[in-house]
Structure formats: C-alpha cells, structure tokens
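Structural overview
Spelled out from the first residue to the last, the chains are:
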Amino acid sequence: MDAFMIKLFNMSINAVWLILAVIVLRVILKKAPKYINLIMWGLVGLRLVCPFTFESMLSLIPSSEPIPSDIYTEIIPHVDTGIDSVNQVVNSVISTARATPISEEIDYIDCLEAFLELSPLVWVSGIVLLLIYSFVCFFILRRKVKVCMRYEDNVYFCDNIKTPFILGIFRPKIYLLSDINANEINSVIAHEKAHITRLDHIWKPLGFAVLCVHWFNPFVWVAYNIFCRDIEFACDEKVLKTMGTDEKKSYSETLLSLSSPKYKLSASPLAFGETGIKGRIKSVLSYKKPALWIIIASVVIVGVVSVVFMTNPVNLFTDGIYYVDEYYYIVPGYSETVESRNSTLDYGLDKTYYEINDEWISKTNLNGTFGNNLLIKCTEKEKAKEIEMVFEKLPEDITRRRIRDVYATHSELFIIFSNGIRVGAYLPKNDDGNATLMSVFRLSDKPHETLPITDIDPDYLRKDAFTNNEDVEISVVEVELGNSPFIEIIIQNDTDEDLIFEYPDMVYLYENGKLIDCDMIENRKENAENFYTAERFTGAQKRFSLEGYDFSKTGTYHMIFNYRLSDSKTEYSAGISFEVVSGIWENASSEMKGEG
Amino acid sequence: MINYRLGVVEQKFASLIWHNEPISSGELVKLCQIELEWKKSTTYTVLKKLCEKGIFRNDGGTVTSLMSEEDFFSLQSKNFVDETFEGSLPAFIAAFTKKQTLTQKEIAEIRAMIDSYGEG
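1. Brief notes about the interface of chain A and chain B
- On the side of chain B, 11 residues touch chain A, which itself brings 10 residues to the contact.
- Between chain A and chain B lies a buried interface of about 890 Å² when both sides are counted; carbon and sulfur atoms form 61% of it.
- At the surface where chain A touches chain B, the tally comes to one salt bridge.
- The tally of links from chain A across to chain B stands at five residue pairs in polar contact (both at pLDDT 80 or more).
- A class-by-class count of the residues in the side of chain A that touches chain B yields six nonpolar, one polar and three charged.

2. Side note on the sheet that holds strand 1 (residues 23-24) of chain B
Residue and element names in this part refer to chain B.
- On the basis of which strands lie adjacent, the open sheet formed by three strands has the order 1-3-2 and antiparallel pairing. Looking at which strands have only one partner, the edges of the open sheet turn out to be strand 1 and strand 2 (56-59).
- Of the strand pairs in this sheet, strand 2 and strand 3 (residues 62-65) are connected by four bridges, and their pairing is antiparallel. Directly across from Phe 56, in strand 3, lies its bridge partner Ser 65.
- In this fold helix 3 (residues 40-52) packs onto strand 2 and strand 3, with an angle of close to 115 degrees to the strand it touches most, strand 2.

3. Remarks on the pairing of strand 19 (residues 499-502) of chain A
Residues and elements named next belong to chain A.
- Taking every second residue as pointing to the same face, both faces of strand 19 are buried, with Leu 499 and Phe 501 on one and Ile 500 and Glu 502 on the other.
- The pairing of strand 19 with strand 24 (residues 555-565) spans three bridges and is classified as antiparallel. The residue bridging Phe 501 from the neighbouring strand is Tyr 563, located in strand 24.
- As defined by bridge partners, strand 19 adjoins strand 22 (residues 534-537) across four bridges and the pair is classed as antiparallel. Of the residues in strand 22, the one forming a bridge with Ile 500 is Arg 536.

4. A few points about the confidence of the model for chain B
- Scored by pLDDT, chain B has a mean of 85; 95% of the residues are at 70 or more.
- Two summary scores accompany this predicted model of the complex, namely pTM at 0.61 and ipTM at 0.79.

5. Some thoughts on the packing of aromatic side chains
- Counting across every chain of the model gives 22 aromatic pairs over all chains.
- With centroids separated by 5.7 Å and ring planes inclined at 45 degrees, the aromatic side chains of Phe 165 of chain A and Tyr 175 of chain A adopt a geometry described as tilted. Of this pair, Phe 165 of chain A sits in strand 4 (residues 165-167) while Tyr 175 of chain A sits in strand 5 (residues 173-177); the two residues are 10 residues apart in sequence, bridging distant segments of the chain. With respect to burial, Phe 165 of chain A and Tyr 175 of chain A carry one shared label: buried.
- Judged by centre distance (5.5 Å) and plane angle (75 degrees), the ring pair of Phe 85 of chain B and Phe 92 of chain B falls under edge-to-face.
- For Phe 85 of chain B, a relative accessible area of 22% translates into the label partly exposed.

6. Some points on a positive patch on the surface
- On the surface, Arg 142, Arg 143, Lys 146, Arg 171 and Lys 173 of chain A together with Lys 39 of chain B cluster together to form a positively charged patch.
- Locating Lys 146 of chain A in the fold gives a position in the loop between helix 4 (111-144) and strand 2 (148-152).

7. Some remarks on the nonpolar core
- Judged by nonpolar contacts, the single largest core of 46 residues is most densely connected at Leu 18, Trp 41 and Val 44 of chain A.
- Elements with a minimum of two residues in this core: helix 1 (2-28), helix 2 (35-49), helix 3 (84-99), helix 4, helix 6 (200-213), helix 7 (218-241) and helix 10 (292-310) of chain A.
- For this core, the element with the most residues is helix 1 of chain A, which contributes 10 residues.
- Discounting chain neighbours no more than four positions away, the residues touching Leu 18 of chain A are Leu 43, Val 44, Arg 47, Val 305, Phe 309 and Met 310 of chain A.
- If you look at the next biggest cluster of nonpolar residues, it comprises 34 residues, including Val 188 and Ile 189 of chain A together with Leu 50 and Phe 72 of chain B.

8. Notes on the side chain of Ser 25 of chain B
Residue and element names in this part refer to chain B.
- Summarising the element assignment, Ser 25 is placed in helix 2 (residues 25-36).
- Its relative accessible area of 12% is what places Ser 25 among the buried residues.
- In contact with Ser 25, other than residues within four places in its own chain, are Tyr 44, Gly 61 and Val 63.

Here is what the cut-offs are and how they apply
Residues numbered from 1 in each chain as written. Chains lettered and ligands numbered in written order. Predicted model: local features only at pLDDT ≥ 70, side-chain atom pairs only at ≥ 80, totals over all residues. Heavy atoms only, no water. Contact = heavy atoms within 4.5 Å. Buried area = accessible area lost by both parts, 1.4 Å probe. Salt bridge = Lys/Arg side-chain N within 4 Å of Asp/Glu carboxyl O. Polar contact = N/O pair within 3.5 Å; in protein donor to acceptor, adjacent residues only side chain to side chain. Nonpolar A, V, L, I, M, F, W, Y, C, P; charged D, E, K, R; others polar. Pairing = 2+ DSSP bridges. Helix = DSSP H or I, 4+ residues; strand = E, 2+ residues; numbered from the N terminus. Axes fitted to C-alpha atoms, helices over the stretch in contact; angles between N-to-C directions. Buried < 20%, exposed > 50% of the residue type's maximum accessible area, 1.4 Å probe, protein only. pLDDT = per-residue confidence, 0-100. Phe/Tyr/Trp six-rings, centres within 6.5 Å; stacked < 30°, edge-to-face > 60°. Patch = residues over 30% accessible without salt bridge, like charges linked within 9 Å, V, L, I, M, F, W, Y side chains within 5 Å. Areas by Shrake-Rupley, 256 points an atom, 1.4 Å probe, with all protein chains shown as cover. Lys, Arg positive; Asp, Glu negative; His and termini not counted. Charge placed at Lys NZ, Arg CZ, Asp CG, Glu CD. Core = buried A, V, L, I, M, F, W, Y, C linked by side-chain atoms within 4.5 Å.

Pasting the structure below:
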C-alpha cells in the first residue's frame, strides 16, 4: 500500500506542472478553438490517471520521483519537487516528523511513519465522502425532476429547478425551467443538445472521478473548475458555428437571462447546469471562426506540451561510453589499472572507461577490457551503506538530496544525480562480505583531452594499504635495456613458508618527480584473461627475470608487484625502481612494503 | 396567503383533474401515466401537494376539486394584482395599457363588463 500511495502522490505532483502549463497556454491560445483546451485537459486527466509514462530528454518535469519510493525507511528522508524553497520547507517538516517519536502506546515509531501508514485511510475516506456527496446531490435532483413534462424528444419541463441541466449518462435527458420564454427555448435546447453530441455528460463525470482520486491536490480542483468552464465555452462555440447574427444575439440574450447563478459549483457533479455566464456572453458576442493557421499552431503547441510535460525526465545513464573524468577520492596506493590491489605511485594516467549496453557494463582501462558485468538498478536503501561511504568522500556541493538513480555491479556503484552528475565508486568486497571503498570518481561522456598528471608521492610506499613483512627481501641483480629488455631480481624469503610471487604488470616512468608514462608489461598483454601470473617457490631464494619492458626513455622506472606467503590471503607488496640516464641504468633500489 | 402560483407542469396536472373530475385516484394515476409519463408515486405526491393548497380533495380514493378552474384563475389574478399593484386594479390596467394599446373590440368588451358589473 505504501508504494501505491507514494506513486499516487508523485503522479499528482508531476501533473501539477502540466496543469500550470495548460493554464498559461489557455491564455496564449485564446484565439484558438476551445476544444483545444479540452484536449489539453484530457492530457491532464491522462497524466493523473496513467501510472505509466514515457521518458524523454525533452521533459521539463524536474524529477520523475519527487517523493522517493523508499522515503519511509530513509534515516534522512527528503523530497525533490524541483523547487528548492519548497524542498527546504517540506524536508524540514519531514525531518521533524521523522525525529518526533510517538508515545509507546501507539504502534508507530515516529510521526512520519504514522503519516505514511494512515494516509491510505485518509485518502479513501476523502474519496468516499466526495462520492457520497455527489450521489446524494444526484438523487435529490432526480427526485425533483420526477415532476416533469415532456416537451419534445428527450427535453422536459420541470417546475422546481433553477437552471437547465442534463441528467443521465446513458440516456441523457434535458430538463428546462418550465417558465422558459419562447424565444429562449431554442437557444437553450440547441446548447444542451450540443452538450450531448459532444458527450459532455460523460466527460464531466469522468473528470470528476479523476478529481475524486486526487482530491488532496488543490491544483486538480482548480483544473476541474476551469475544465468545466471550458466545456461550456466549447459547447457555445459548437452551437454558434451554425448560427447567423440574429440567432447569436438571441443566444447571448438567453445566456444573460440565465445569469442569476444560484449555484457556484454545479448542482451535482453528475448533472450540470450553467457555469461562468459572464465570460461566456463575452465570448459568444465576439466569436469569430478561428483561422486555419491558428488551429494548426495550437495543435503543434499542444503536441510540444505533451512531450515536454507528459513525459518524465530520462535516466541519465543511457547506453554509451563513460570516461573516468576526475577522482574525488582514491585509496592511496590504489591502482585502477588492475583488479587486484597492486599499489601504484599514483593514479593520474588512468584511462578507464565504462561501456554500457542494455544492462551490461564493461570496464576498460590500460590493461584491456574486464569483461561484461551485470549492471542492476537498485534503490538507495539497498545500497545505503555503500552510498554512505561514497558520500563521505564527495565534495560538499554534491548532496544526497539530489540522488536520482543508483546502479551497481558486484563491486562497483554508480550514482546519478538529478543535476546530471554521474559518480562512480569502486568498492570490492572483503572476505567477510563488507565493502571497502577504494575510489570515487566522476564519469563523463567525453574523454579527456589530456590526462591529468600528478606528482609522485614520496611516501607512497608507506601508506596504509599494505602489510609489512620484515622477513622478505628483494634485490635487483641486473637490468638489460635495448632490444630485449629484462630485469633480473632476487627475492630472499626468510620466512618458513612458501612465497607466491605475482609478476608485476605495469611499469611507471617518472621524470623529475612527475609521472609521464605508464605501460603494460609486454608479456602480460598476450594473456588478456589471465592478467596476473604468479609463481610459487619454496626455499629461501629465487631469481626472476621480468622480460619485455621498454626502457628507452630516460627517467626513473618503478615497478610494483604483490606476493603472498603460503596460501594466506594476505597480500604484501614490493617495489623496485631504477633510473635510466642516456640509455644506461643505474641507481637501482628496492623497497619492501608493509600492510596487508 | 396561500400561494396560488402553479408551475407549468403542475398546471397541466391540475387541468387534467378539472377536465376529468370526479376521477378515482387509480384512474388519475393511469391518466398521468399516459399524458405525463409519471409514475404512481409521482402522481400521488403532486396530488397531495395540491390538496394541501386547498385546490383539490382526495376523498376516500376519489379526487374532486374544491374550486373550479375559472375560480382558481381569478384567485390567481387577484393575488397577482394584490402582490404587484397593492390591490389596485386601475394601477394594473394602467400598467398593462402603458405598453400596449387596447383594441376597439377590447374597449367595447371591457365597457360592457363594467356596465354589467354595476348592475349585478
């Protein structure tokens, strides 16, 4: 029931924009035939009743879900009506309601929940009351017109009524005042018959039914009121089309004589009398058949309005390619380039991008594509913990209340904000099932012109991501440049466990402390799927040759690799670096890292 | 003062009774069914209303009138003059003739009426 009520409220709120647009358009399209207005009101009715709607980039609706569907479980609930001032007021009220507990005797946790739980009841009661009222009016009228006299066809005279009206949906009958003048009678009958031809005796009750469903929305009441008036205008027009000047005069005189309105609203919404006389007399007297271009222009405008206000704003994560644009946060030492947590000196040259097709998303970076992952749209509630982690690292101008959609793969989260910002985050799961936040970044649909380059962080090896292991040592034996480059290193293992050594896959080149290039290791590129190979050795020492690197440029080269002891899952890292000056290597050094 | 104004529909009903009285209520119902398309309950409701106004009487199933149609119309006219012209018939006639002239024929008729009134 809750989801239904929220959907109902959202439909009602979104229809308000259309209603306002129609009200403005009515003024602009004054010269257009009045049935154009009724078409627009028909669209309003459709919007209010139809739970399905198309999405369109042209939509002017601020938000497809002003009240988020999981509002009742959110700790900080919020709505987004698209108007900031309204949002502020409503959100503060809601927050207070959420924070206000109700006494323990009542079964609700706080005022907000009480409101949401009780609202279906209130809504149904409202509908029932309205229906009772209208049926009571209907039966009273029906009783009155029992004392009637047939004049012709389905037209009757009645003594007790104050204004002519139509009663009945399937076999509508026209009731006139019994003391009507001879010269009025034709006008009135023409008008009422026009109503019946136009099926107004069906449209108006339908409109009232829609009003009943949305009785809590004052804009819908206003819309219904204007809708009724427009029905009368359109009916007048239909009658006037066939009239000469004399008849028109007589018609407006008849209208004038009916202008002692005893009722403000109709006698019963299920029958209807005469409304808005003054405006109608004015428009009758000034009626001119509208030119063709006006009709065409109106239809075009109505078409535009339909698209713009009948459709919901589109989800911004449509098929396409999204580039990692800017990092808001990255775990120091974390590299986006491989799935396992190799450390890297920094993260500036990432060329990661995401490709979205239907529900699959594939991620590509310097190492190649990582295959397709299922991309699922989920709710804020489902990903609440992960979203909290992401939000801690976002800049302050991206606030929670503008979240539009949330998508997730098994280790990545994508948040779309209603102002168009797309944020991604990488949160792989630990062994115990909890997610760790590794990076938060912004996505753009435009690739970088130039890659950002960041300074080397001299303390990178001492950041908190890696385990220190004092019993393992590494040293560089030889570096061979030239056509078949290789590095020979020795790993000294003083633990009494096996060591599983994972070959490094990236080489980073620094010049004057700035990262200027990074490259995939040749022999890794061939094994695209099996992108890290590891080797296990027992014993105290092993020599490794890491082949296929390009050391032609001068600068400082860094390489990082991971290793594990026996089958423990704890990862250790090691890094080596050396300088190349004029084609000769020197100053090789190595450092071991801690922190698993 | 009892309101002797009848709406057009009630007027038609009343004249049905005047032209068919005395009439049993059952037959009246049938008559109204044909002439006015009324249900039985409607006929009885309106009949009751007119009886309360003192125009008709329903005595054990038979409907009769308490005044003739002409009497009723005169009462109506008198009430109209009383209400609108404060009972002054000359004022009524003055108003009547203000916008429409009397024909010679009408003048002769009225003169004859006044003459015979004085005598009777």
